[in-house]
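# Chain and residue survey
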Amino acid sequence: MREPLISSGTTQSFNRMSTNNAWSNPLATICIKITSAICSFLFIGFIFNFSLCAHIYNSYILRENIGKIRDLESSPQSIAYPQDIKIKVTSDLSYYAGLIGLRLIEYEIITEDGFIITLQRLYDPNIDEKKRNNSFKPILLLHGLMQSSGSFLTSGYKSIAYFLVKNNYDIWLGNNRCGFNPKHVKYNSNNHKMWDWDLDEMAYYDIPAMIKQIKLIKLNYNGKISIISHSQGTTQTIYLLSNSRKPNNIIENIDIIDKCVLLAPAIYGGPLLNEKLFIKFMRFLPNGVYEMFFGINSFMPVLMHMRNLTYKSPMFGLSSYMVFSYLFDWNDYLWDANLRRYHFIFSPVFVSVKLMKWWLRGQGFAMNKPIISNPDYWFNENTPELLLVIGGKDDLVNGDLFINRLMHKEINMKDKWHYVKIPEYSHLDVLWADDIIETIGNSLLEFLK
Ligand SMILES: *[C@@H]1O[C@H](CO)[C@@H](O)[C@H](O)[C@H]1NC(C)=O
Ligand SMILES: *[C@@H]1O[C@H](CO)[C@@H](O)[C@H](O)[C@H]1NC(C)=O
């Protein structure tokens, strides 16, 4: 295994670690674990109670959902899963693929910095394997923060992944490092080095490892690869593509990407970041207190334990929905309400405290600020074509500022980008709206052609 090639991120954090003597003392490490466990427990408890109150208030007092939840009878897209079977609740994604007549095969791959990550290939067993290997264009799907590959598939017949398989694409579902079960060739979860990463590593190690594996399997396929990403996945993609940050060694992998679809592009932060108390709390807490609260390794691991223990219960879907809708101000009015509990099975996943810091406290995300601080051109003449899918009600990100930049600043992108704006969609509707395929299906196919 090679040493990590990007030194800036890693060195920074090592400096932080070594100057902070308290954390190098084993007793202090145990203390920090205990305090952060207690603090995150309290934090979750607070948020949960607020969410519950907000949910009750919205549904029973304001009654703002009345008449807004889609009438499924009249929806042209009828069903998500075959109606004659009782659908199980399981954390095995291949079960949901099987329900709609597809298969899922899983590869464990190793990133250049030693993380073992899961890549899944989704396919139709009725299609000739050789044909699929040699002539179907591969598309890599990349999920958002705290989510996993399941988010593209849990809508069954109405999912983006199913739609693409049925249109003869070779679909690969990517999962970032750590996921449900953090694995590394050298470190275990208790080792701080297991958690010393943020968006840089996810862009420069995880995506290239996935692309390498796809190339390895599709030896006889001569075309290029496209990427479809959602939210944090778009951030990763743009980091990888942007010429202002790219380390030299991965150029070879970039040339093979020809098109990228960015669903709810998280390139500029939206107004929500300045409105939400919990974000402000996490943003403005002094560093030492922040570490006492959240530790220095994985971000609120108690969430993943709670998921494992409770995901089979109907309460799990409801509570996840309540909490996220409270935290991020979106709702399920445009979804198929029966699918909500399946959508949430495949989140949350393990991420590093460092990543959350990147999003909330570092160069990452702030209202109206871009993820890349370099004021020069981000893109060059070899940058792949982009399709932006933007929800008009998405306040977590600001899609208009990205459009603005592509239009007025990025001269190398002239005629190489397009966008679809759906006024009534918010951040997760670009994945889970009941009519997502009717709304963006044709634009997707047109663009990927
Ligand atoms: C398709 O590719 C896979 C992975 O390389 C390989 O195992 C399989 O044999 C190939 N199938 C055919 C029919 O060539
Ligand atoms: C949750 O369950 C999965 C298997 O379904 C396992 O790999 C993972 O380690 C478990 N996570 C926790 C936090 O127990």
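An unreviewed UniProt entry lists the chain under the name Partial AB-hydrolase lipase domain-containing protein, with Pichia californica given as the organism.

Further remarks concern the overall build of the chain. Secondary structure assignment for the chain yields 18 helices and eight strands. In the chain, 81% of the contacts between residues at least 6 apart in sequence involve partners at least 24 apart. Accessible area for the chain stands at about 19700 Å²; split by element, carbon and sulfur atoms hold 55% of it.

What follows is about helix H10 (residues 277-284). An α-helical turn contains 3.6 residues, so any two residues separated by three or four positions project in the same direction. Buried within H10 we find Phe278, Ile279, Met282 and Arg283. Each buried residue of H10 sits inside an arc of 135 degrees when the element is viewed along its axis, so together they form one side. Within H10, the exposed residues directed more than 90 degrees away from the buried face are Leu277 and Phe284.

A few words on the nonpolar core. Ranked by size, the top nonpolar core spans 78 residues in total, and within it Leu140, Ile238, Phe294, Phe299, Leu386 and Phe402 carry the most contacts. Residue contributions to this core peak at nine residues, all from helix H6 (residues 199-217). When residues no more than four places from it in sequence are discounted, the contact partners of Phe402 are Ile238, Leu262, Pro265, Ile267, Tyr268, Trp378, Phe379, Leu386 and Leu388. Counting residues in each nonpolar core, the second largest holds 58 residues, with Leu99, Leu153, Phe163 and Leu448 among its members.

Let us look at the packing of aromatic side chains. A complete count under the given rule lists 35 aromatic pairs for this structure. With 5.2 Å between their ring centres and 85 degrees between their planes, Trp335 and Trp432 make a pair best called edge-to-face. On the criterion of sequence distance, the pair formed by Trp335 in the loop between helix H13 (314-328) and helix H14 (340-343) and Trp432 in helix H17 (residues 429-432) is long-range, its members being 97 residues apart. Look at Trp417 and Tyr419: their rings are 6.2 Å apart centre to centre, the planes differ by 15 degrees, and that puts the pair in the stacked class. Residue class for Tyr419 comes out partly exposed when judged on its relative accessible area of 42%. Linked through ring pairs, Phe278, Tyr321, Phe324, Phe328, Trp330, Trp335, Phe344 and Trp432 together constitute an aromatic cluster. The aromatic ring of Tyr221 is capped on one face by Lys218, whose charged end is 4.8 Å from the ring centroid. Taking NZ or CZ as reference, Lys259 lies 5.6 Å from the ring centre of Phe447, over its face.

Let's shift gears to the pattern of salt bridges. Overall, the coordinates contain 17 salt bridges when judged by the stated rule. Here Asp258 makes a salt bridge to Lys137, at a shortest N to O gap of 2.6 Å. Here Asp258, found in strand S6 (residues 257-263), pairs with Lys137, found in strand S3 (residues 137-142); they are 121 residues apart in sequence, far enough to count as distant. Here Glu291 makes a salt bridge to Lys357, at a shortest N to O gap of 3.4 Å. With Glu291 in helix H11 (residues 287-294) and Lys357 in helix H15 (residues 353-360), this pair connects stretches of sequence that are 66 residues apart. In the salt-bridge network here, residues are joined through shared partners; they are Asp113, Arg177 and Asp206.

Our focus in this paragraph is the site of ligand 1. Looking at ligand 1, the residues that line it are Glu129, Lys130, Asn133 and Ile217. In this structure, Glu129 approaches ligand 1 through a side-chain N or O atom, which is 2.9 Å from a nitrogen atom. Between Ile217 and ligand 1, the recorded distance is 3.2 Å, taken from a backbone N or O atom to an oxygen atom. Calculation on ligand 1 without its partners gives an accessible area of 360 Å², and the protein chains cover 50% of this total. Here the shell around ligand 1 is composed, by residue class, of one nonpolar, one polar and two charged.

Neighbouring ligand 2 are Ser91, Phe180, Asn181, His305, Asn308 and Phe350. Contacts to ligand 2 include Asn308, whose side-chain N or O atom sits 2.4 Å from an oxygen atom. The fraction of the free accessible surface of ligand 2 (360 Å²) that becomes covered by protein chains is 58%. Across the shell around ligand 2, the residue classes tally to two nonpolar, four polar and no charged.

Let us look at H11. Those residues of H11 not exposed but buried are Tyr290, Glu291, Phe293 and Phe294. Buried positions in H11, seen along its axis, are confined to an arc of 160 degrees and lie on one side of it. Following H11 by one or two positions, Gly295 has its phi on the positive side, about 75 degrees.

Here we take up the side chain of Arg121. Turning to its location among the elements, Arg121 is positioned in strand S2 (residues 116-123). Polar contacts involving the side chain of Arg121 include one to the side chain of Asn133, which spans 3.1 Å. Within polar-contact distance, the side chain of Arg121 engages the side chain of Asp170 at 2.7 Å. With near-sequence residues (within four places) excluded, Arg121 lies in contact with Arg103, Leu104, Ile105, Tyr107, Arg132, Asn133, Asp170, Ile171, Trp172, Ile217 and Lys218.

This part is about the pairing of strand S7 (residues 385-391). Counting buried positions along S7 yields six of seven residues, so the element is predominantly enclosed. Pairing geometry for S6 and S7, over five bridges, is parallel. If you follow Cys260 over to S7, its bridge partner there is Leu386. Where S7 lies against strand S8 (residues 417-422), six bridges are found, and the strand directions are parallel. In the strand pairing of S8, Leu386 is matched with Trp417. Each parallel crossover has a hand, and the one from S7 via helix H16 (residues 399-408) to S8 is right-handed.

Analysis parameters
Residues numbered from 1 in each chain as written. Chains lettered and ligands numbered in written order. Predicted model: local features only at pLDDT ≥ 70, side-chain atom pairs only at ≥ 80, totals over all residues. Heavy atoms only, no water. Helix = DSSP H or I, 4+ residues; strand = E, 2+ residues; numbered from the N terminus. Contact = heavy atoms within 4.5 Å. Areas by Shrake-Rupley, 256 points an atom, 1.4 Å probe, with all protein chains shown as cover. Buried < 20%, exposed > 50% of the residue type's maximum accessible area, 1.4 Å probe, protein only. Arc of directions from axis to C-beta. Core = buried A, V, L, I, M, F, W, Y, C linked by side-chain atoms within 4.5 Å. Phe/Tyr/Trp six-rings, centres within 6.5 Å; stacked < 30°, edge-to-face > 60°. Lys NZ or Arg CZ within 6 Å of the ring centre and 35° of its normal. Salt bridge = Lys/Arg side-chain N within 4 Å of Asp/Glu carboxyl O. Near = heavy atom within 4 Å. Polar contact = N/O pair within 3.5 Å; in protein donor to acceptor, adjacent residues only side chain to side chain. Nonpolar A, V, L, I, M, F, W, Y, C, P; charged D, E, K, R; others polar. Pairing = 2+ DSSP bridges. Right-handed = clockwise from strand over helix to strand, strands pointing away.

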